[in-house]
Amino acid sequence: MRVPCALLLAAVLVGAKRVVENWDITYLTTNRGLPQQAKRGVCVNGAFPLPVVEAEVGDTLVLNVHNSLDVHTSLHAHGLHLRGRNYYDGVPFTTECGIAPGTNFTYEIPLEQSGTYWIHGHSSEQNYDGLRTPLIIRDPKDPHHADAEYLFAVEDWWPNTFQEIYPILTAANPPVGLFDKPPHALINGVNANLTAPLSFVPGKTYRIRLVSMMSLPLWEFAIDDHQLQIIEVDGTPTQPSTVDVVRLAPAQRISVLVTAKASAAENYQYHIAMFGDYLPAIPGIFPSVYNGTVAYNASPATRVPASIPTGFLDEIGMQSRAAENALMPDRSIFLNTTVGFMADRSAFESFNLITYRAPLVPAIFSALTTGDMAINPATYGPQTNSHVLRHNEVVELLLWNADTLPHPLHLHGHSFQIVERGFTNDTTGALRNRVPRVGYSPLQRDTVFVPKGEYAVVRFRADNPGVWLMHCHFDWHMGMGMVLAFVEAPDQMARVLAVPQSVVDQCRSQGIPTSGNAGGNNAYQFSPAPVLPYLIAMYTQPAALS
Ligand SMILES: [Cu+2]
């Protein structure tokens, strides 16, 4: 008997639900309860902290957005692959046109991955001004049992808006006053000094989800005299790895399991440290350590630690739970993270000295409307640093940072394998660390932190037709142009992507073209897509930043 497809689909979806969020994106001037001046933040429904979004795998996330700002906005679900739904990736002039002031837009996203993610603004670095919140997707079939869960979403809150800091960032060398108004940390949206206690019951197991919504610093998490068993990195299940401390760069997420002690005789402390060797030492800020209580009993006393552990995550030594050997690359792309100067001496950030400027036509529309020209990277504009990928090819990125600052590099639409790390000035090979070729499942994540003077090699299969950004997740560096675009299988996009009328309407209402190349033209006429009057000179980072 033939069963209609719709019935089969309905059977599969029993239990799946629509998780509907109605978000009015608004301004709120606030200091977030921190000892610093207030600034105009970007929040949801007039309030901070933003709602935490929780769902189960198989659900559909419906984000109904109204834009009450005076500039366009957009929302990006960080880490979701959005297979077949590139147009809901939330990147203005890549996958949409931005939600204009006073208008509505709905993102409708089937949740096909479980794990720990976050949602943040992708317009004008609104992320920096507070438009960010965790997205937790639970899997009822998760093999890791936990009796209860805790969440730590940590962010830095600066007393200046991105619009205020941007002229300082890009001013002629050296930038003056960049850290005159340093940030404080927020944990779960409130002053990080007000750490909430964790309540532990002897013998129970707890899952602790750690979400870095930082704009700039790193942070670490540890619990005295308790081990952390890592089970998830950036949404990808890992083979369990036991550590004393975990470190997160901006945009990274980790889940750990913690087994409580057998006895309730003592209370302990947990520690969240905010720091960065690339940040100036500012007393009480960089570094700062926030201590909370792990309470087994009602006594206010906690065991005092002799020291607080610190250390890198061993990404090469950790394995993904998926039994998948290191992918063998079909092509390798060298990406040099570089800072430079325009002819007017203003500073920029780049990959391979190409600093990003958005095209006039969103790249998804250029890919869908330019026919054979869609495989020509030039179609997407001279300042988008677009790389066109063939369907299903394995792409290797050599992320080379001989720069003077680190970069947390995030790829949209994919999780990549981390297969090698090393030092850029190592001519002997002795300082390289790479995964075995077979019998080993490289760690997969969506954001890799590459310290200054180091490199990382990552690989992914181009099996997700669409246009996907890669960029530095320091909000400052992204705003300064360390952004590129992968145009993945443009020849498959028309087959895979049914762009909703709402996305087209969003563009038309703003007079933004939805066809043609980056300049809104056909054939080889790219003008007036943005082209910068380069110069390019490297410069030495000022001492305050190095
Ligand atoms: Cu960077």
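Under the annotation held in an unreviewed UniProt entry, the protein chain carries the name Ferroxidase fet3 and is attributed to Coemansia javaensis. Of the comments in the UniProt record for the protein chain, the one headed Sequence similarities (unreviewed entry) reads "Belongs to the multicopper oxidase family."

Caption draft 1: Representation of the overall build of the protein chain within the structure. When its secondary structure is counted, the protein chain shows six helices and 32 strands. Relative to the 2.2 N^0.38 estimate, which gives 24 Å for 546 residues, the radius of gyration of the protein chain is 23 Å and therefore close to what a compact globule would have. Projected onto its principal axes, the C-alpha positions of the protein chain cover 75 × 75 × 55 Å. Relative to its full complement of 546 residues, the protein chain shows a buried share of 59%. A separation threshold of at least 6 residues defines the contact pool for the protein chain, and within that pool the share at least 24 residues apart is 79%. Working note: accessible area of the protein chain is about 20,800 Å², and carbon and sulfur atoms make up 55% of it. Charge centroids of the protein chain, computed over 34 positive and 47 negative side chains, lie 3 Å from each other.

Caption draft 2: Broad picture of the pairing of strand 32 (residues 483–488). Judged by how many residues are buried, strand 32 sits mostly within the fold: six of six residues are covered. Where burial is concerned, the two faces of strand 32 agree: the one with Val-483, Ala-485 and Val-487 and the one with Leu-484, Phe-486 and Glu-488 are both buried. As paired strands, strand 23 (residues 386–389) and strand 32 are joined by four bridges and run parallel to one another. Of the residues in strand 32, the one forming a bridge with His-387 is Phe-486. Where strand 31 (residues 466–472) and strand 32 come together, six bridges link them in antiparallel fashion.

Caption draft 3: How the structure looks around unusual backbone geometry. In this chain, Phe-48 is followed by Pro-49 through a cis amide linkage whose omega measures -10°. By the secondary structure assignment, Pro-49 is in the loop between strand 2 (39–44) and strand 3 (53–56). Between Phe-286 and Pro-287 the backbone carries a cis peptide bond, its omega angle lying at 0°. By secondary structure assignment, the location of Pro-287 is in the loop between strand 19 (268–275) and strand 20 (288–295). For Asn-45, which is not glycine, the phi torsion reads 55° and is therefore positive. Its location among the elements puts Asn-45 in the loop between strand 2 and strand 3. Exposure remark for Asn-45: the relative accessible area of 46% places this residue in the partly exposed category. The phi dihedral of Leu-82 is positive, around 50°, even though this residue is not glycine. For Leu-82, a relative accessible area of 6% translates into the label buried.

Caption draft 4: Here's a closer look at the coordination of the copper ion. Within the protein, His-407 (ND1), Cys-472 (SG) and His-477 (ND1) serve as the donor atoms for the copper ion, at 2.0 Å. Mapped onto the sequence, the residues coordinating the copper ion show the spacing H-x64-C-x4-H. One end of the pair, His-407, is in strand 25 (residues 407–411); the other, His-477, is in helix 4 (residues 475–479), and 70 residues separate them in sequence. Take His-407 and His-477: they sit in the same class, and that class is buried.

Caption draft 5: Inspection of empty space enclosed by the protein at higher detail. Per the stated rule, a full pass over the model turns up three cavities of 30 Å³ or more. By volume, the second largest cavity is sized at about 40 Å³. Every residue along the wall of the second largest cavity is listed here: His-120, Gly-121, His-122, Glu-125, Asn-127, His-473, Asp-475 and Met-478. Taken together, the residues of the lining of the second largest cavity sort by class into one nonpolar, five polar and two charged.

Caption draft 6: Broad picture of helix 2 (residues 162–170). Buried residues of helix 2: Phe-162, Ile-165, Leu-169 and Thr-170, and no others. Around the axis of helix 2, the buried residues are gathered within 120° of arc, so they sit on the same side. Lining the buried residues of helix 2 we find strand 22 (347–351) and helix 4.

Caption draft 7: Focus on the packing of aromatic side chains. Enumeration over the complete set of coordinates arrives at 25 aromatic pairs. With a centroid separation of 5.4 Å and an interplanar angle of 70°, the aromatic rings of Phe-48 and Trp-157 are classed as edge-to-face. Remark: Trp-157 occurs in strand 9 (residues 148–157) and Phe-48 occurs in the loop between strand 2 and strand 3; sequence separation between them is 109 residues. Arranged with centres 4.9 Å apart and planes meeting at 55°, the rings of Phe-152 and Tyr-270 form a pair that is tilted. Residue Phe-152 is located in strand 9, and its partner Tyr-270 is located in strand 19; the two are separated by 118 residues in the primary sequence. Assessed through its relative accessible area of 1%, Tyr-270 is described here as buried. Counting every residue linked through ring pairs, the aromatic cluster contains Tyr-128, Trp-158, Phe-162, Tyr-166, Phe-179, Phe-286 and Trp-476. Directly above the aromatic system of Trp-157 lies the positively charged group of Arg-32, at a separation of 4.7 Å from the ring centroid.

Calculation notes
- Residues numbered from 1 in each chain as written.
- Predicted model: local features only at pLDDT ≥ 70, side-chain atom pairs only at ≥ 80, totals over all residues.
- Heavy atoms only, no water.
- UniProt positions renumbered as here; feature names shortened; annotations may be inferred.
- Helix = DSSP H or I, 4+ residues; strand = E, 2+ residues; numbered from the N terminus.
- Rg over C-alpha atoms; globule rule 2.2 N^0.38 Å.
- Buried < 20%, exposed > 50% of the residue type's maximum accessible area, 1.4 Å probe, protein only.
- Contact = heavy atoms within 4.5 Å.
- Areas by Shrake-Rupley, 256 points an atom, 1.4 Å probe, with all protein chains shown as cover.
- Lys, Arg positive; Asp, Glu negative; His and termini not counted.
- Charge placed at Lys NZ, Arg CZ, Asp CG, Glu CD.
- Pairing = 2+ DSSP bridges.
- Donors = N, O, S within 2.8 Å, 3.2 Å for Na, K, Ca; no water.
- 1 Å grid on protein atoms, 1.4 Å probe; cavity = no way out; pocket = protein on both sides within 12 Å on 5 of 7 lines; lining within 4 Å.
- Points joined across faces, edges and corners; volume = space filled by probe spheres on them.
- Nonpolar A, V, L, I, M, F, W, Y, C, P; charged D, E, K, R; others polar.
- Arc of directions from axis to C-beta.
- Phe/Tyr/Trp six-rings, centres within 6.5 Å; stacked < 30°, edge-to-face > 60°.
- Lys NZ or Arg CZ within 6 Å of the ring centre and 35° of its normal.

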